[in-house]
Amino acid sequence: MKRIVSLVLALMFVFGAVSAIAQVPYYSIPSDINEIFPLDGDPIQLNVYSQLANYAGIQTGWSAALLKDLFNVTINIIPDSDGTFETRMASGNLGDMVVWGANGADYKNAIEKGMLFNWEEYGFLDMYAPYVAANYTDALESNREISGTGDVYGFGFNVASTKGSHQSFFYSWDLRWDLYKQLGYPEIKDLKDLMEVFKQMKAICPTDDRGNETYAVSVWPDWDGNMVMYVKALATAYRGYDELGIGHYNPLNGEFYDCLAQNSPYMECVQFFNELYRNGLLDPNSMTQNYEQMIEKVKNSGTFWSIFNYAGSMAYNTDEHMAQGRMMYARVPDEAYPITYGLGTTGGVRIWSIGADTAYPDLCLAIMDFLATPEGSMTMWYGPRGLMWDYNADGGMYFTELGKKCNLDTKHDLTGVEWVSPYTGKSYTLSGNFNDGCLQINNNTLTKDMVNPDGKLGETFNKDTWVSELTATTYDIQQDWRDYTGVSLSDQYFEKLNHYIIMPDIPYAESEKDDELTVIWNQVTKAITTYTWRAIFAKNPGEYNYHISEMKRICKEYGYEKCVAWSQQEAAIKWALSQN
């Protein structure tokens, strides 16, 4: 706080943030962390093993400057890949910070083997993570239960300060609204109608901005797991059933639908994707490309549709496109019931933890504590406070001019931008684009859809709820969507339709599989993903039926029924938890 006071005059000049500073104080490092680890010494490198990361190596860009400024650290990110977890477990060192994709078998195994640091040891939690200790009590208790030892080894992601309501709809059903308008807003009752709309869109928009062929959708295999990701996600977006094991779980009655069953939600969507392919509406590179290659096609107007906001409207709706009268936004089939997830105080399955062998558990806790604050969460989403966003005189959140550019175009180049730290007064020259500078650990702490407790206007962290954004300039194509739907934002549109299913927030952790089932599971899920892709790219119904038949036959020989039985048991556990 002493540093902040000494910088007030400079910050008034640099950021024009007189009222912002008076309204909401800047974050202050807890305890004596900078006395233990001086900011003027050589930076400490922390190794972060993240099962969620899509990046390997030293963190760069604006978040690297922020971490250097606040904690005098650099972080080396180690993503997950085949054999990485086993190798690191065998070495006896998972890393300084460890971020888990799930709180299941791998996480519990690491605890059993003594590979994770107990946060309450030596009183470190209270000393070095005071915000977490005071505000994440339910999430810490949930971790205590999941860990099975009575000790705290971390907390899950998407923590809310209060229970109730639900997250924003990221299954957003984004459609090229300008093309839909040009077609006269045809009826979209179900997937069959959606297919016909895609055909008409391709007829009036056969090529993208670079002259390449357009498609209804472009997908990618990088995130496939037990099933093909986009296929199982479409079933979730259309039927409202959550992924579970090798199938889907119905939050309304606890029923489990195994993916290979006749007329299962998964098989319904496999057939839909095959029909897309046979009608020239699925990008033929979908089975081999990565996420980055896919998203470039979206940005270049190469697709008409996405069930995800991050692969649709968030990527496509730049100032340039909307000024040209082009936009992707929500149009849900009338019979669809997309899922959304309930807000809860216990946190989700993706765990923030610390390696037992780190030499810097106190420093790791302090970093996680900052990331767990409202200011740290806002920073992870939108960039450094003052430079990219801040609070106005009314205590409302707003983007700076630079922040707005970065939010509309995550590839906006920051090379040469000067950032004067509001924490230390030091100056940094940034490099790279905004997206590359985002923290590549790829996990969040607070949920984006909770009200920001530091704000004064009841706004959530989600920029779509900010008064400053709601009163911003509206493009004609935006207004057309608003006139059609009668609302201003996609979440309001979903609420108005009242066609969605809430998956309640429950303290569920996947049960461990024994060694025999693990072997069977890996064989079965590999066959499911392999033959799903083959069925999707089948050239005719006969070839499609052959691949589906082979998938079922091979999976049955491997022991598919044992996988189904395990998944059904997990569904029963989930249902019981949801009744409490």
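Residues numbered from 1 in each chain as written. Predicted model: local features only at pLDDT ≥ 70, side-chain atom pairs only at ≥ 80, totals over all residues. Heavy atoms only, no water.

S.K.: Explain the overall build of the protein chain residue by residue, including any values.
M.R.: The helix and strand tally for the protein chain stands at 26 helices and 18 strands. Whereas a compact globule of 580 residues would reach a radius of gyration of roughly 25 Å, the protein chain reaches 24 Å, a difference of no more than 12%. A principal-axis box enclosing the C-alpha atoms of the protein chain has dimensions of 75 × 60 × 40 Å. Here the protein chain holds 580 residues, and 57% of them are scored as buried. When contacts within the protein chain are restricted to residue pairs at least 6 apart in sequence, long-range pairs at least 24 apart make up 74% of them. In the form shown here, the protein chain has an accessible surface area of approximately 23500 Å², with 49% of it arising from carbon and sulfur atoms. One finds the centroid of the 42 positive side-chain charges in the protein chain at a distance of 5 Å from the centroid of its 74 negative side-chain charges. (Helix = DSSP H or I, 4+ residues; strand = E, 2+ residues; numbered from the N terminus. Rg over C-alpha atoms; globule rule 2.2 N^0.38 Å. Buried < 20%, exposed > 50% of the residue type's maximum accessible area, 1.4 Å probe, protein only. Contact = heavy atoms within 4.5 Å. Areas by Shrake-Rupley, 256 points an atom, 1.4 Å probe, with all protein chains shown as cover. Lys, Arg positive; Asp, Glu negative; His and termini not counted. Charge placed at Lys NZ, Arg CZ, Asp CG, Glu CD.)

S.K.: I'd love a proper account of the state of the cysteines, names of residues and values included.
M.R.: Counted by the stated rule, this structure contains 0 disulfides. Cys438 takes part in no disulfide bond, and the closest cysteine sulfur, belonging to Cys406, lies 8.7 Å away. The buried category is assigned to Cys438, whose relative accessible area is 14%. (Disulfide = S-S within 2.5 Å.)

S.K.: If you had to explain the packing of aromatic side chains to someone new, which residues and values would you point to?
M.R.: Each aromatic ring pair is characterised by the separation of its centres together with the angle its planes make. What the rule picks out here adds up to 53 aromatic pairs. Measuring from ring centre to ring centre gives 6.1 Å for Phe272 and Phe273, while their planes differ by 80°; the resulting arrangement is edge-to-face. Residue class for Phe272 comes out buried when judged on its relative accessible area of 4%. Seen in terms of ring centroids, Phe308 and Tyr310 are 4.9 Å apart; in terms of plane orientation they differ by 20°. Their pairing is stacked. When its relative accessible area of 3% is taken as the criterion, Phe308 is described as buried. Under the relative-accessibility criterion, Tyr310 is labelled partly exposed at 24%. Cation over ring: Lys574 sits above Tyr249, and NZ or CZ is 5.5 Å from the ring centre. (Phe/Tyr/Trp six-rings, centres within 6.5 Å; stacked < 30°, edge-to-face > 60°. Lys NZ or Arg CZ within 6 Å of the ring centre and 35° of its normal.)

All we've got here are geometric facts, nothing functional implied.
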